[in-house]
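Structure at a glance
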Amino acid sequence: MAAVEAPAAELGLAPARRPWGRKLALYVPAGLVAFVLAGCFLGPLVLPIPAPVGGDVLESALPAFSPGHLLGTDPNGNDILSRILYGGRASLLVTIAVNLIGLFVGGLLGALSGYVGGALDTVIMRVLDVLIAFPSLVLTLAVAQSLGPSLTNTILALAFFSIPAFARVSRAATLGLRELPFMTAAQLCGTPWWRVLLRHVAPNIGPQLITFSMLGMGIVIIIEGALSFLGLGIPAPDPSWGNMVAQGQASLSATPDMVVWPSLALFVSVLAFNLLGEALRTQGSVR
Amino acid sequence: MTVALDRRYRSVPARLFGSPAFRMVGKRLLMAIPIMLGVSVLTFWVLNLIPGNAAQQLLGAEATPEQIRALEAQMGLNEPAVSRYFDWLGGAVTGDLGRSFVSGQDVAGQLGERLTVSAELTGLALIASVALAVPVALLAARRPDGLFDRVSMFVSVSGLSVASYVLALVLVLVFAVRFAVLPAIGYVPFAEDPVENLRGMVLPATAIAVPLFCFYTRFLRGDLVDQLQGQDYIVTAQAKGIGPWQVLLRHAFRNSSFGLITVVGLNLSTLIGSTVIIESIFAIPGLGQLMLQAINTRDVLVVQACVIVFAVVTVLANLITDLLYAVLDPRIRYGSG
């Protein structure tokens, strides 16, 4: 229901109580997200940093702020900053892909299920119930193991659990739209079902799904990290935040830095996405 | 009117079995069966995608194709997947989950011991997180946008952004390495030494409980504030002159507790997921550790059994959530609203 109210009505007519606080709550996390994305995707191209793999063993385990290695190096002599940026690239790539797959496939399934209803709704929702009954990480582990560790397979494994989540949200939002006058009008005009879905349902449930995907980003980053941490995500020599934490765990008491830096990167990115999602949820037309 | 009279004069069993709550429970129990079947089919299908099977894995890379085929035949892996599934399902229904390909042990027996260990860990984490979340959320909702509210919301958003495995390592670093007050590894069975057992559970349970605590606090606080601001019965209670704490506890919290129960039930799969990782970090011999080991050795029957147990627990938890609902909420108990 809330999705159909124009955002302007809520933002413009109701006097904002703390306009500055509200703006900050939206722009600070948005800036942080932009910073993380730029750092990981543009950083390695612009900054003068070494490659994330194939480091010199003579330079192994340097402390932070060593010349040429701002955050030091790992036991294999690889630059940690470089590994964090390239690792973030892998983590974010997986996360964005998983959320896009969830958004489109799950969103479509849910909207179809909610709009068409009847037997189709029952079948789709029962199948999704089975997927939701699974503890997602357990399922993802099983899928990741059976497909073998790689970037694409990590995406596929995680998509398995993002699709049902998006489908549920999308179905609930579509059900709220179904009886509204503009939907009836579209049907009376003889609009085919696929056109109703694309032109009338999708624009209305879109904002809600996008907000949901912001909150989902944080969750997927953490789960991707868990998969890589367990050795079932991004395979070892290539960096990812999860496998860097796992690598650092081995020498936790001697060189805690190795765990601290990737953990910090993980925390900041997840926090940025969570805060952004939260700000969108409370400030947009979406509740 | 007639309905109410009818109900009063019905016999006890008729009242029990005919009650809306009972019908709802029955319906949910019946619905759980196809879900469980679906879960087992899906597990079987996913695990059969594995490129190298258990025979290959056991014999190593140098094994000749003949040796592999012989072992496959011995393990029954050469039969079609569908007939293997029904064989397995037939056994599973009677409690026989087969023997591990790798260790030769009885799978059901192995699961039993480990299930209690995992249950202790998740139980402790769950109790701690809910027991802390309720008072914090109540205090925060007492004055929305007050100092306590802001601080607690900041803490819970930050806490939600910490991965449990990262938190676990930080806890180990601080409490086991720096200050050496709590053990990081070395599980002691409860029956052997309860104190050591609980001391060993502190760090892993905390690592699991903190993100949950943050999630529950945020949810409950939001729900309480919604109740306090928008509901007529709150206005009525306030107009009657009931004190603010009474309104919060007796009226708002009572209603919000249903939402909390649902969230706790739904969130159980996340709880189980983090248990798998945390068990492997702290070397706790629970179900999650067993599953990870079995995944690495491609011990299909053990992985399958673990996944099924996890799924059964999740489905049961959702069922219990619904049951609690029926017991606690008069609207469902009496079938109105």
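Owing to the predicted nature of the structure, the values given are computational and were not obtained by experimental measurement.

Along chain A, the regular secondary structure elements total 11 helices and 0 strands. Mapped in sequence order, the helices and strands of chain A form the string α-α-α-α-α-α-α-α-α-α-α. Looking at the 287 residues of chain A, the share that counts as buried comes to 50%. Excluding contacts between residues fewer than 6 apart, the proportion of contacts in chain A whose partners are at least 24 apart in sequence is 72%. When the accessible surface of chain A is summed, it comes to about 12,800 Å², and 72% of that surface belongs to carbon and sulfur atoms.

Take the UniProt feature "domain: ABC transmembrane type-1" (unreviewed entry) in chain B next. Taking the numbering used here, the UniProt-annotated feature "domain: ABC transmembrane type-1" (unreviewed entry) corresponds to residues 115-321 of chain B. Between the end C-alpha atoms of residues 115-321 of chain B there is a gap of 21 Å, over a span that is 83% helix and 0% strand.

A word on the interface of chain A and chain B. It is common to give the size of an interface as the accessible area that goes away when the parts come together. Listed by partner, the interface residues are 41 residues for chain A and 45 residues for chain B. Carbon and sulfur atoms make up 76% of the area that chain A and chain B hide from each other, which totals about 3,500 Å². Taken together, the connections running from chain A to chain B amount to 1 salt bridge. The interface formed by chain A and chain B holds 4 residue pairs in polar contact (both at pLDDT 80 or more) in total. Within the residue set of the side of chain A that touches chain B, elements represented by two or more residues are helix H5 (118-133), helix H6 (136-147), helix H9 (193-229), helix H10 (241-249) and helix H11 (257-283) of chain A. Along the lines of polarity and charge, the residues of the side of chain A that touches chain B split into 27 nonpolar, 8 polar and 6 charged.

The next subject is the packing of helix H10 (residues 194-230) of chain B against helix H12 (residues 244-266) of chain B. All names here are of chain B. Packing of H10 against H12 leaves a shortest axis separation of 9 Å and a crossing angle of 135°. On the basis of their axis angle, the class for H10 and H12 is oblique. Crossing handedness for the pair H10 and H12: right-handed. Between H10 and H12, the residues in contact are Phe-215, Tyr-216, Phe-219, Leu-220, Asp-223, Leu-224, Gln-227 and Leu-228 and Val-247, Leu-248, Ala-252, Phe-253, Asn-255, Ser-256, Gly-259, Leu-260, Val-263 and Val-264, respectively. Split by residue class, the contact of H10 with H12 holds 13 nonpolar, 4 polar and 1 charged.

Our focus in this paragraph is the UniProt feature "transmembrane region" (unreviewed entry) in chain B. Mapped onto this numbering, the UniProt entry annotates "transmembrane region" (unreviewed entry) at residues 29-50, 121-141, 153-181, 201-219, 258-282 and 302-328 of chain B. Helix makes up 100% of residues 201-219 of chain B and strand 0%, with an end-to-end C-alpha separation of 26 Å.

Here we take up the packing of helix H4 (residues 80-116) of chain A against helix H7 (residues 151-178) of chain A. Contact geometry of H4(A) with H7(A) gives a least axis separation of 5 Å together with a crossing angle of 35°. As for how H4(A) packs across H7(A), the hand of that crossing is right-handed.

Turning to the side chain of B:Ser161, a few remarks are in order. Following the sequence through the fold, B:Ser161 ends up in the loop between helix H8 (147-160) and helix H9 (164-178). Exposure remark for B:Ser161: the relative accessible area of 1% places this residue in the buried category. Of the polar contacts made by the side chain of B:Ser161, one reaches the side chain of A:Asn274; its length is 3.1 Å. If we skip the residues at most four places from it in the chain, B:Ser161 touches A:Ile222, A:Phe267, A:Val270, A:Leu271 and A:Asn274.

Our next topic: the packing of aromatic side chains. Following the criterion strictly, the structure yields 4 aromatic pairs over all chains and no others. Between the aromatic rings of A:Phe229 and B:Tyr165, the centroid separation amounts to 5.3 Å while the plane-to-plane angle is 25°, which identifies the pairing as stacked. Taken together, the residues span two chains, with A:Phe229 in helix H9 and B:Tyr165 in helix H9. For the pair A:Phe229 and B:Tyr165, one class covers both residues: buried. The side chain of B:Arg142 reaches across the aromatic face of B:Trp245, ending 5.8 Å from its centre.

Cut-offs and rules
- Residues numbered from 1 in each chain as written.
- Chains lettered and ligands numbered in written order.
- Predicted model: local features only at pLDDT ≥ 70, side-chain atom pairs only at ≥ 80, totals over all residues.
- Heavy atoms only, no water.
- Helix = DSSP H or I, 4+ residues; strand = E, 2+ residues; numbered from the N terminus.
- Buried < 20%, exposed > 50% of the residue type's maximum accessible area, 1.4 Å probe, protein only.
- Contact = heavy atoms within 4.5 Å.
- Areas by Shrake-Rupley, 256 points an atom, 1.4 Å probe, with all protein chains shown as cover.
- UniProt positions renumbered as here; feature names shortened; annotations may be inferred.
- Buried area = accessible area lost by both parts, 1.4 Å probe.
- Salt bridge = Lys/Arg side-chain N within 4 Å of Asp/Glu carboxyl O.
- Polar contact = N/O pair within 3.5 Å; in protein donor to acceptor, adjacent residues only side chain to side chain.
- Nonpolar A, V, L, I, M, F, W, Y, C, P; charged D, E, K, R; others polar.
- Axes fitted to C-alpha atoms, helices over the stretch in contact; angles between N-to-C directions.
- Parallel < 35°, antiparallel > 145°, perpendicular 65-115°, else oblique.
- Left-handed = near helix turned anticlockwise from the far one by under 90°.
- Phe/Tyr/Trp six-rings, centres within 6.5 Å; stacked < 30°, edge-to-face > 60°.
- Lys NZ or Arg CZ within 6 Å of the ring centre and 35° of its normal.

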